[in-house]
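Listed below are the residues making up each chain.
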Amino acid sequence: QWAAALTLVGDYGDWTGWEVGEVTVLAAAAVWNPAIDGVDYAYDGSVSVMHNPTGLSLTLSGGAFETETGDTPSNLYGKIGWDTAFWAIGPTGFGIDYTDGQNINADGDDGTSIGFAAVQRIDRYGIDLYGQVRSYSLDSATGPDYRDITVATIGTKFTF
């Protein structure tokens, strides 16, 4: 087995990002041998960029398995986000994302997902309140017809 990766995160061990003027950047890429029959190698990469004064951000990522036969399973993802401070209790974040997967479980199995999420931090208590609505769709070339599904979640996270 083998693997190689490159990460751009700022100072060593600091996952806050690399600052270029008013923009913060995080990026990574990897290639490896997953030791799976029929797969030559796998690769993935991602980049996130945030405009610090406005809190607007963009994330793009993708990955794939290069196979010996058939179509290449792959996934592409994108998210637009906004971090702001509506109230003095803590920061608020919003995001909308989309993912497109091709040949997920078998040749011709293609899926998509789109979602909207929000999180409110309550700094004084170390609490995050969050909610999300997400829609999933799968088109199967060989299996039955699947109905789309929409899921809503709400929750909280406590930080000690």
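Structure: see above.
I will try to describe carefully the structure that is included in this document. (Residues numbered from 1 in each chain as written. Predicted model: local features only at pLDDT ≥ 70, side-chain atom pairs only at ≥ 80, totals over all residues. Heavy atoms only, no water.)

Here we take up a nonpolar patch on the surface. Nonpolar side chains collect at one region of the surface, where Leu-58, Leu-60, Ile-80, Ile-96, Tyr-98, Ile-114 and Phe-116 lie side by side and expose about 650 Å² of accessible area between them. Mapped onto the elements, Ile-80 comes out in strand 6 (residues 74–87). A relative accessible area of 52% places Ile-80 in the exposed class. (Patch = residues over 30% accessible without salt bridge, like charges linked within 9 Å, V, L, I, M, F, W, Y side chains within 5 Å. Areas by Shrake-Rupley, 256 points an atom, 1.4 Å probe, with all protein chains shown as cover. Salt bridge = Lys/Arg side-chain N within 4 Å of Asp/Glu carboxyl O. Helix = DSSP H or I, 4+ residues; strand = E, 2+ residues; numbered from the N terminus. Buried < 20%, exposed > 50% of the residue type's maximum accessible area, 1.4 Å probe, protein only.)

This part is about the packing of aromatic side chains. One pass over the full model with this rule turns up six aromatic pairs. Judged by centre distance (5.7 Å) and plane angle (85°), the rings of Trp-82 and Phe-86 are edge-to-face. A relative accessible area of 43% means that Phe-86 is categorised as partly exposed. Aromatic rings pair up to connect Trp-82, Phe-86, Trp-87, Phe-94 and Phe-116 into one cluster. (Phe/Tyr/Trp six-rings, centres within 6.5 Å; stacked < 30°, edge-to-face > 60°.)

Right, let's talk about the pattern of salt bridges for a bit. Per the counting criterion, the structure on display carries four salt bridges. Here Asp-97 ties to Arg-134 by a salt bridge, and the two come within 2.8 Å at their closest N and O atoms. Of this pair, Asp-97 sits in strand 7 (residues 90–102) while Arg-134 sits in strand 9 (residues 127–139), and the two are 37 residues apart along the sequence. We note that Asp-97, like Arg-134, is buried. One salt bridge in this structure joins Arg-121 and Asp-123, with 3.6 Å as the shortest N-O distance. A residue is classified by how much of its surface remains accessible, and Arg-121, at 22% relative accessible area, is partly exposed. A single salt-bridge network, built from bridges that share partners, covers Arg-121, Asp-123, Asp-128 and Lys-157.

Remember, this is a structural readout, not a statement about activity or role.
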